[in-house]
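Residue-level structure breakdown
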Amino acid sequence: MATTTRTTDRGTAYFPQLAAERLDIALCRASAAVARAADAHASEEGLGVGQHLVLQMLDAVGPCSQQTLSEELRIDRSVMVGICDDLERAGHVRRERNPRDRRSYAVTVTDSGSRRLAQAQASIPAFLEDAFHALTPDERGQLSAILAKLLQAGAGGPR
């Protein structure tokens, strides 16, 4: 998760100063670095990050519409269609008419999807350890609490 910093002609690195002054920039760069690591890990596992999240949510809450998956996981609807298509082709989910709203489909995790999710989940602790190795367990807990607070407040939105 290291961010490369270029040394200026004066021999000082500018990015650490910028990150200290602009928390938004630091958070964006850290987020991008973790996202790249997550994508690389997902590629190695053969299950994309979005696919993993969809299987995880379906396993936790049961059948959902693609719209609900999209809204809850904050994945663009057009991207969600592709994710569900790929999962369905692999036999990890099935789409059925939603009994509560016949205009939509409920996406349901299959036994194959549950097994695939369990395999993917098994590698997550090692990935997280590697991605956040620079932080102590206490710092990881603090970061998690702070990010949850920002997300709950809708960071960047109106006050």
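Scroll up to find the structure this text is about.
Okay, so let's go over this structure. Because the structure is predicted, anything quoted here is derived from the model rather than measured. (Residues numbered from 1 in each chain as written. Predicted model: local features only at pLDDT ≥ 70, side-chain atom pairs only at ≥ 80, totals over all residues. Heavy atoms only, no water.)

A separate point is the pairing of strand β2 (residues 93-98). Along a regular strand, successive side chains alternate from one face of the sheet to the other. The pairing of β2 with strand β3 (residues 101-109) spans six bridges and is antiparallel. Residue pairing for β3: R94 is matched across the bridge by T108. Counted between consecutive antiparallel strands, the loop separating β2 from β3 contains two residues. (Pairing = 2+ DSSP bridges. Helix = DSSP H or I, 4+ residues; strand = E, 2+ residues; numbered from the N terminus.)

Turning to the pairing of β3, a few remarks are in order. Bridge count for strand β1 (residues 64-65) against β3 is two bridges, and the pairing is antiparallel. Of the residues in β3, the one forming a bridge with C64 is V107.

Here we come to the packing of helix α3 (residues 49-61) against helix α4 (residues 66-73). Running from N to C, α3 and α4 point in directions that differ by 110°, and their axes come no closer than 11 Å. Taken together, the axes of α3 and α4 lie roughly perpendicular to each other. Within the contact between the two elements, α3 uses L53, V54, M57 and L58 and α4 uses T68, L69, E72 and L73. For the contact of α3 with α4, the residue count by class is six nonpolar, one polar and one charged. (Axes fitted to C-alpha atoms, helices over the stretch in contact; angles between N-to-C directions. Parallel < 35°, antiparallel > 145°, perpendicular 65-115°, else oblique. Contact = heavy atoms within 4.5 Å. Nonpolar A, V, L, I, M, F, W, Y, C, P; charged D, E, K, R; others polar.)

Before going further, it helps to examine a nonpolar patch on the surface. Side chains of L27, L143, I146, L147, L150 and L151 sit close together on the surface and give an oily, nonpolar patch of about 510 Å² of accessible area. The element best represented in the nonpolar patch is helix α7 (residues 137-153), accounting for five residues. Overall, the relative accessible area of 31% leaves L147 in the partly exposed class. (Patch = residues over 30% accessible without salt bridge, like charges linked within 9 Å, V, L, I, M, F, W, Y side chains within 5 Å. Areas by Shrake-Rupley, 256 points an atom, 1.4 Å probe, with all protein chains shown as cover. Salt bridge = Lys/Arg side-chain N within 4 Å of Asp/Glu carboxyl O. Buried < 20%, exposed > 50% of the residue type's maximum accessible area, 1.4 Å probe, protein only.)

What follows deals with the side chain of S123. Positionally, S123 belongs in helix α6 (residues 111-131). We classify S123 as buried; its relative accessible area is 17%. Within the local environment of S123, its side chain forms a polar contact with the backbone oxygen of A120, the two atoms lying 2.9 Å apart. Residue contacts for S123: discarding those within four places in its chain leaves H41 and E45. (Polar contact = N/O pair within 3.5 Å; in protein donor to acceptor, adjacent residues only side chain to side chain.)

What follows concerns the sheet that holds β1. Sheet architecture is open: three strands sit in the order β1-β3-β2, paired in antiparallel fashion. Across the chains shown, the open sheet's two edge strands, defined by having one partner strand only, are β1 and β2.

Take helix α2 (residues 23-45) next. Taking 1.5 Å per residue, 23 residues should reach 33 Å; α2 reaches 32 Å between its end C-alpha atoms and fits that length. Packed against the buried residues of α2 are α3 and α6. Count one or two residues on from α2 and you reach G46, which has phi positive near 80°. (Expected span 1.5 Å × (residues − 1).)

For the rest of this paragraph, the subject is the packing of α4 against helix α5 (residues 77-89). For the pair α4 and α5, the least separation of the axes is 9 Å and the interaxial angle reads 115°. For α4 against α5, the interelement crossing comes out right-handed. Residue-level inspection shows Q66, Q67, L69, S70 and L73 of α4 in contact with α5, the latter providing R77, M80, V81 and C84. Residues belonging to the contact of α4 with α5 are distributed by class as follows: five nonpolar, three polar and one charged. (Left-handed = near helix turned anticlockwise from the far one by under 90°.)

Such coordinate-based values are descriptive only and should not be taken to indicate function.
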